[in-house]
Amino acid sequence: MLTGKRIVLGISGGIAAYKMANVASMLVKLGADVHVIMTEAATHFITPETFEVLTKNRCYTDTFDRGMDMHVPHVTLGTTADCFLIAPASADILGKIANGIADDMLTTTVLPAKCPVLIAPSMNVHMYENPIVQDNMRKLASYGYEIIEADCGFLACRDTGKGKLPPEKDLVEYILRACGKTKDLQGKKILVTAGATKEAIDPVRYITNHSTGKMGYAVARMAMLRGADVTLISGETTIDAPMFVNTIRVKSAKDMFDAVMSYSENQDIIVKAAAVADYRPVSTADEKIKKNDSTMNIELEKTDDILKALGERKKAGQFLCGFSMETENMIENSRAKLEKKNLDMIAANNLKVAGAGFAGDTNVLTLITKDGQCELPMMSKEEAADRLLDEILNRGVI
Ligand code: CTP
């Protein structure tokens, strides 16, 4: 996602500086051209050589170093970066940037920067809470810099409180949101459902299915990275909620129905990837059912079809996309669902095809619309999510 992007990492003097080696490495793996600038204080915590090995680029520490490989490096780096992350940002560097002080390689590169600049303060909790530091953060935010709030936890100084640098993967997600994708869904509201519902039999047992939620979570994340305002209504899964997405957890088909209905009204796009139970027990026992006879029956009743209900109340201009999981006659059955539920598109997958279906990291989707169908080859669920969103945009309905 970062191929062809130039990411500048500015590292100031804080113990969390060591974590930036991981950030640099993760960015390189995503294809980015990573350039690291360290303050003199940062070099006490981790060496410039570490970053040079990881990034294959010169690590800058001194504005006046005459051996540098760029013309006026601080201006070149500042103006050509696609994203600039300053992490850890010490109280000192916050104060300097907030007041326009440019007296080293890092601060002189921030001033000419035209790209999104993300600042992740990290320090002792008492320093973090100091009103001067807080004022500087507010001031920087008012100038358009994005402040990444520190996490709470046990700090190197043995205090517990706010001041921890967020996990490396979170910092990378901020960068991906800033410059990883074209913002072609900016201003659009998207509702996504994901995962399996659980229908209780008694306080111990439930009926569910094999859905892990990976496909729906991928759609939600990709839509977020493309600038959409995303709400994700999810059955219980083991996957972490995507960052920058309004995630609502539900259990049963009824819970999902209620949640979807309360959010569906003003959505531009709805993607229903959840594997909703079609039937639930007619009654849920209050106490654990004891085993008695050699066989037992559970009477089931139909759940409400959420997607069908959405199709019935679809607003003009709203795009409704369902999913269809089949084991035979995939196209015919999915087309029938498209018609019956008044959908604009249905993403069909056949559980019996290698690389498709539940739990895996790949899928093989056929995107079916009223007037055509597009067969996608096997690809990662994130790529498939992207292609599905492309197809929705290409339809030009929104
Ligand atoms: N769906 C729903 N509410 C239900 C059942 C299904 O919203 N009670 C949605 C799913 O989220 C999916 C689509 O309907 O987007 C198709 O689900 P699928 O299980 O493939 O088909 P069903 O319509 O349930 O039909 P069948 O199980 O007979 O194949």
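All values reported here derive from a predicted model rather than from experimental measurement.

A. Highlighting the overall build of the protein chain. In terms of regular secondary structure, the protein chain is built from 13 helices and 21 strands. The principal-axis extent of the C-alpha atoms belonging to the protein chain is close to 80 × 50 × 35 Å. The proportion of buried residues among the 398 residues of the protein chain is 51%. Of the contacts made within the protein chain by residues no fewer than 6 positions apart, 66% connect residues no fewer than 24 positions apart.

B. Examining the domain arrangement of the protein chain more closely. By the assigned domains, the protein chain splits into domain 1 (6-179) and domain 2 (189-394). Relative to domain 2, the C-alpha centre of domain 1 lies at a distance of 40 Å. Taken together, the contact between domain 1 and domain 2 spans six residues of the former and six residues of the latter. A buried area of about 590 Å², summed over both sides, lies between domain 1 and domain 2, and 65% of it is on carbon and sulfur atoms. Considering only the side of domain 1, the residues that lose the most area to domain 2 are Glu173, Leu176 and Arg177, jointly responsible for 74% of the buried surface there. Counting the contacts that link domain 1 with domain 2 gives one salt bridge.

C. Quick look at the sheet that holds strand S11 (residues 229-234). Taken in spatial order, the eight strands of this open sheet run S12-S11-S8-S13-S16-S17-S19-S20, and their pairing is mixed. Of all the strands in the sheet, just strand S12 (246-249) and strand S20 (372-375) have a single pairing partner and so form its edges. Strand-to-strand twist across the sheet, computed as the mean angle between neighbouring axes with direction ignored, equals 15°. Pairing of S11 with S12, which is carried by four bridges, proceeds in the parallel orientation. From the neighbouring strand, leucine 232 faces S12, where its bridge partner is threonine 247.

D. Examining the packing of helix H1 (residues 19-29) against helix H8 (residues 168-179) more closely. The contact between H1 and H8 brings their axes to 9 Å, and the two run at 45°. Here H8 runs oblique to H1, going by the angle between their axes. In the crossing of H1 with H8, the sense of the turn from one axis to the other is right-handed. Between H1 and H8, the contacting residues are Lys19, Met20, Asn22, Val23, Met26 and Leu27 on the first element and Glu168, Lys169, Leu171, Val172 and Ile175 on the second.

E. The site of the ligand, seen in detail. Lining the immediate surroundings of the ligand are 17 residues, of which Lys272, Ala274, Phe323, Lys337 and Lys341 lie closest. Within the backbone of aspartate 304, an N or O atom sits 3.0 Å from a nitrogen atom of the ligand. Here methionine 325 contributes a backbone N or O atom positioned 3.1 Å from an oxygen atom of the ligand. In isolation the ligand exposes 570 Å². Once the protein is present, 78% of that is buried. Broken down by secondary-structure element, the contributors of at least two residues to the shell around the ligand are helix H11 (306-312) and strand S16 (319-326). A total of five residues in the shell around the ligand trace back to one element, the largest contributor, which is S16. Its residues assigned to classes, the shell around the ligand comprises seven nonpolar, three polar and seven charged.

Rules behind the numbers
- Residues numbered from 1 in each chain as written.
- Predicted model: local features only at pLDDT ≥ 70, side-chain atom pairs only at ≥ 80, totals over all residues.
- Heavy atoms only, no water.
- Helix = DSSP H or I, 4+ residues; strand = E, 2+ residues; numbered from the N terminus.
- Buried < 20%, exposed > 50% of the residue type's maximum accessible area, 1.4 Å probe, protein only.
- Contact = heavy atoms within 4.5 Å.
- Domains from an automatic or database assignment.
- Buried area = accessible area lost by both parts, 1.4 Å probe.
- Salt bridge = Lys/Arg side-chain N within 4 Å of Asp/Glu carboxyl O.
- Pairing = 2+ DSSP bridges.
- Axes fitted to C-alpha atoms, helices over the stretch in contact; angles between N-to-C directions.
- Parallel < 35°, antiparallel > 145°, perpendicular 65-115°, else oblique.
- Left-handed = near helix turned anticlockwise from the far one by under 90°.
- Near = heavy atom within 4 Å.
- Polar contact = N/O pair within 3.5 Å; in protein donor to acceptor, adjacent residues only side chain to side chain.
- Areas by Shrake-Rupley, 256 points an atom, 1.4 Å probe, with all protein chains shown as cover.
- Nonpolar A, V, L, I, M, F, W, Y, C, P; charged D, E, K, R; others polar.

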